[in-house]
Amino acid sequence: MTYVGIAVAILVVVGGVILGLLRGRGRSSVEDEREAPPLPGSPGPSDADLAPDGAIGTIEHPGEVVEEEPEVVAAPAPAPAPTVETPEAPAGRLRRLRARLARSNSALGKGLLALLAGGSLDDAAWEEVEDTLLAADLGVAATTELVAALRTRVAVEGATDEAGVRRMLREELLRLVDPAMDRSLADERVDGRPACILVVGVNGTGKTTTVGKLARVLVAQDKDVVLGAADTFRAAAADQLETWGGRVGVPTIRSERDGADPAAVAFDAVKAAAELEADVVIIDTAGRLQNKVGLMDELGKVKRVIEKQSPVDEVLLVLDATTGQNGMRQAEVFGEVVGITGIVLTKLDGTAKGGIVVAVQRGLGVPVKLVGLGEGPDDLAPFDPEAFVDAILD
Ligand SMILES: Nc1nc2c(ncn2[C@@H]2O[C@H](COP(=O)(O)OP(=O)(O)OP(=O)(O)O)[C@@H](O)[C@H]2O)c(=O)[nH]1
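The following refers to the structure shown. Position labels on residues start from 1 in each chain and follow its written sequence. In view of the model being predicted, local features appear only for residues whose pLDDT reaches at least 70, and side-chain atom pairs are presented and counted only at 80 or more, with totals across whole chains, interfaces and linings using the full set of residues.

A few points about the site of the ligand
Turning to step 1, where the next piece is worked out: Should the C-beta atom of a residue, placed from the backbone, lie within 6 Å of a molecule or strand, that residue is near it. Near the ligand you find 21 residues, and of these Asn 203, Gly 206, Thr 209, Gly 287 and Gly 372 are the closest.
Turning to step 2, where the next piece is worked out: By residue class, the composition of the shell around the ligand is 2 nonpolar, 12 polar and 7 charged. Residues are sorted three ways: Asp, Glu, Lys and Arg are charged, Ala, Val, Leu, Ile, Met, Phe, Trp, Tyr, Cys and Pro are nonpolar, and all the rest, Gly among them, are polar.

Topic: unusual backbone geometry
With glycine set apart, most residues show a phi of negative sign, and most peptide bonds adopt trans.
Turning to step 1, where the next piece is worked out: The backbone phi angle of Asp 222 is positive, close to 65°, even though this residue is not glycine.
Turning to step 2, where the next piece is worked out: The phi angle at Glu 277 is positive, at roughly 55°, despite the residue not being glycine.
Turning to step 3, where the next piece is worked out: Here Glu 277 lies in the loop between α10 (262-275) and β4 (280-285). A run of DSSP states H or I qualifies as a helix once it reaches four residues; a run of E qualifies as a strand once it reaches two. Both are numbered from the N-terminal end.

Quick word on the pairing of strand β7 (residues 368-372)
Turning to step 1, where the next piece is worked out: Counting buried positions over the 5 residues of β7 gives 5, a clear majority of the element.
Turning to step 2, where the next piece is worked out: Strand direction decides the pairing type here: strand β6 (residues 342-346) and β7, joined by 3 bridges, are parallel. In the strand pairing of β7, Leu 345 is matched with Val 371.
Turning to step 3, where the next piece is worked out: Classification remark: right-handed applies to a crossover when, strands pointing away from the viewer, the course from the first strand over the helix to the second runs clockwise. For the crossover from β6 across helix α13 (residues 356-364) to β7, the handedness is right-handed.
Turning to step 4, where the next piece is worked out: Relative to strand β8 (residues 380-382), β7 runs antiparallel, the two being bridged by 3 bridges. Following the sheet pairing, Val 371 is matched in β8 by Ala 381. Working definition of burial: number of other C-beta atoms within 10 Å of the residue's own, with buried at 20 or more, exposed at 12 or fewer, and partly exposed in between, all C-beta atoms being placed from the backbone. A strand pair is defined by DSSP finding two or more bridges across the two strands.

Some thoughts on helix α5 (residues 123-135)
Turning to step 1, where the next piece is worked out: Helix span is expected to be 1.5 Å times the residue number reduced by one. With 13 residues, α5 should cover 18 Å at 1.5 Å per step; its first-to-last C-alpha distance of 18 Å lies within 8% of that length.
Turning to step 2, where the next piece is worked out: When we look at burial in α5, the residues that qualify are Val 129, Thr 132 and Leu 133. The buried side chains of α5 occupy one side of the element, clustering within an arc of 95° when seen end-on. In α5, the exposed residues that point more than 90 degrees away from the buried face are Asp 123, Ala 124 and Glu 127.
Turning to step 3, where the next piece is worked out: Placing a C-beta atom from the backbone of each residue, one calls two residues in contact when those atoms lie within 7 Å. The inward-facing, buried residues of α5 abut α4 (106-116) and α6 (140-157). Relevant arc is that of directions from the helix axis to the C-beta atoms, nothing else.

So this is what it looks like as structure tokens:
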């Protein structure tokens, strides 16, 4: 009995020890798996190990039937890439916009054609031709010249049919608009540095808009452009310019402070353009009244400060065509201060004063290089004398 008792006790003790050992082994292996840090370079959990929410997946036990489809969680949508617009190629823009010119200048074009093709032209008829040209802001000198040329031709060639009159008028108008003027823009790197374009004009003529549209014209020609927001007078001008630039992926150099020194901003823009190896930098300036001497002095300073590091290759004067001949005095004052090399005539879509192209070129001896024909982003066109004359005779 005693032996049997001892044997049972030994069996119980040995069995307990074995069971304890087995349990201990199992626990430590699970803990090892959970706690062991991954070795450097060792593969992390594969995608298959990841539950849809990214947590480590649960272990399936063999034999268990999993019926539920794992929940599919949509991958987060990628952040939208900033869209950079592709502007319309500048060549041919004037042809696209000719209807706008034709509409606003029908008195000049159709009116003249009707008068001239109307048969015998007496003095009263010629006076009417003259009035039509003056109303279209052609200016007194150009009007007198054109009427004299037409009178001579009608006398020599005789009254012709409408096609003949149109041809005669086209030739004479084209002569006045002067196709021989150099209308190219300084938009190519010069001597290993970016070309520099300064844009000036009184407020409201459309300077900032023109700088934005011009950036698009140049981007469409594969140029690298930098904009300088030196209009620090009008708080929103720099934002406006930055928006224009951003649409076509062009950087804008600006000051965060209203009323900052415009010359300093212009200087920084030219410097940044050089560092970025841009093709061209375009500087917008504040609209200013030509009779405010201090403000004109400041514009002169902007130009001088730029010239400390780069010549200014082009000074574009923006003129509002709807102000007609009144813009001429402004133009002269700007010319004296900064020396204009080209004119941008804006808002030609909203005026019957298309003759201002001729008046302004003659008055200043500087070519019209670009014309604004609407508020759309690509409604700025390189000026093409033939397309212009054809449009107003449409
Ligand atoms: N219809 C028409 N509107 C134009 C044209 N060009 C500019 N504008 C409009 O003219 C207004 C004035 O343009 P801005 O570019 O702000 O004028 P700004 O000369 O920079 O004015 P400041 O910054 O105050 O000096 C805007 O409403 C433009 O959309 C054009 O060719 N046709």
